[in-house]
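Residues per chain are reported as follows:
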Amino acid sequence: MHILVANANTTEAITALCAEAARAAAAPGTTIIPATPRFGPAVIATRLENAIAGHALLELLAEHAGQVEAVVLAVSHDTALEAARQLMPCPVVGMTEAACLTACMVGARFGLVTLGGVETYRELIGRHGLTARLAGLEGVAATPQDAVRDPEAVQALVLESIGRLVAGGADAVVLGGAALAGMAARLAAPVPLLDGIACAVKLAEALVGLGLARPAAGTLAPAQGRASTGLSPALARRLRGD
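Below: a short report on this structure. (Residues numbered from 1 in each chain as written. Predicted model: local features only at pLDDT ≥ 70, side-chain atom pairs only at ≥ 80, totals over all residues. Heavy atoms only, no water.)

Focus: the overall build of the chain
A count of helices and strands for the chain gives 9 helices and 8 strands. Rg of the C-alpha trace for the chain: 17 Å, near the compact-globule value of 18 Å for 242 residues, within the 12% margin. Along the first, second and third principal axes, the C-alpha set of the chain runs to 55 × 35 × 35 Å. Within the chain, buried positions represent 49% of all 242 residues. If you take every contact in the chain between residues at least 6 apart in sequence, the share linking residues at least 24 apart comes to 66%. Carbon and sulfur atoms make up 57% of the accessible area of the chain, which amounts to about 10700 Å² in all. (Helix = DSSP H or I, 4+ residues; strand = E, 2+ residues; numbered from the N terminus. Rg over C-alpha atoms; globule rule 2.2 N^0.38 Å. Buried < 20%, exposed > 50% of the residue type's maximum accessible area, 1.4 Å probe, protein only. Contact = heavy atoms within 4.5 Å. Areas by Shrake-Rupley, 256 points an atom, 1.4 Å probe, with all protein chains shown as cover.)

Right, here's the structure in full:
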């Protein structure tokens, strides 16, 4: 099985971090293919950057359509998730959705800790229909670049946030953000910690194993006969349904 781990920002160090976490979680026989967009923001922290990254990510996925058995979106905002599912002929799993759904299977309520602001996560969890299961959100005063440059300092801050979430009623905690990929294994916490990349890889493997048919109707059915201008050849082909 080949799983594409697609970063949505252009920071290669984040792609490498996610690929390492994905390989650690993957079953024997699963090949992880990391990929970084050719254009877009270095880090996604605003709505505008997320919108730009969505285009870049879809272009990247279109180039791999038909060459992989599943896709993991290595982006904490689950950028362009529904569009990616319509685009690709294989399962597509968002890392935050995967971690939050898994957290609901190991606890009554979950918390989420991330780097920076939390309101986009509150909105995302609401879109995934999980607001009632959310115990709390914690934003660490650090950047993704800090997590790459000084992981031990960021880990200490994350642990403090985990403690506050547990005190607030969280039975499990999601580590939100591609820059925190792989960190859960290095932290000693009193509740289960959910790594988005690890959860997404295992769920992607399960979806491939289920062998579900691709939708032929509904909002995620493949696009057919759609005209476009200026898109990459691969993305334009997917819109036409070639």
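Observations concerning the pairing of strand E1 (residues 2–7)
With 5 of its 6 residues buried, E1 lies for the most part within the structure. Pairing geometry for E1 and strand E2 (residues 31–35), over 5 bridges, is parallel. Within E2, the position partnered with Ala6 by the bridge is Ala35. Crossover handedness for the path E1 to helix H1 (residues 12–25) to E2: right-handed. Pairing geometry for E1 and strand E3 (residues 70–74), over 5 bridges, is parallel. (Pairing = 2+ DSSP bridges. Right-handed = clockwise from strand over helix to strand, strands pointing away.)

Notes on unusual backbone geometry
Its identity as a non-glycine residue notwithstanding, Asp78 has a phi of 50 degrees, on the positive side. For Asp78, the location among the structural elements is in the loop between E3 and helix H3 (81–87). Positive phi outside glycine occurs at Ala80, with the angle close to 55 degrees. What makes Ala80 partly exposed here is its relative accessible area of 23%.

A word on the nonpolar core
Core analysis: the biggest nonpolar cluster contains 56 residues, and Phe110, Val158, Val173, Leu175 and Ile197 have the highest contact counts within it. Counting residues per element, this core draws most heavily on helix H4 (residues 95–106), at 6 residues. Setting aside chain neighbours within four positions, we find Phe110 in contact with Cys100, Ala103, Cys104, Ile125, Leu130, Arg133, Leu134, Ala135, Gly136, Ala170, Ala172 and Val174. Core analysis: the next-biggest nonpolar cluster, separate from the first, contains 24 residues, Leu60, Leu73, Leu87 and Val92 among them. (Core = buried A, V, L, I, M, F, W, Y, C linked by side-chain atoms within 4.5 Å.)

Describing the sheet that holds E2
Strands belonging to one sheet form pairs held by backbone hydrogen bonds; the direction of such a pair is parallel or antiparallel. The 4 strands are arranged E2-E1-E3-E4 in an open sheet whose pairing can be described as parallel. Of all strands in the sheet, those bounded by a partner on one side alone are E2 and strand E4 (92–94). Averaged over all adjacent pairs, the angle separating strand axes in this sheet is 25 degrees, with direction ignored. With respect to the sheet, helix H2 (residues 47–64) is in contact with E1, E2 and E3, its orientation differing from that of E1 by roughly 160 degrees. Lying over the sheet, H4 contacts E3 and E4, oriented at roughly 70 degrees with respect to E4. (Axes fitted to C-alpha atoms, helices over the stretch in contact; angles between N-to-C directions.)

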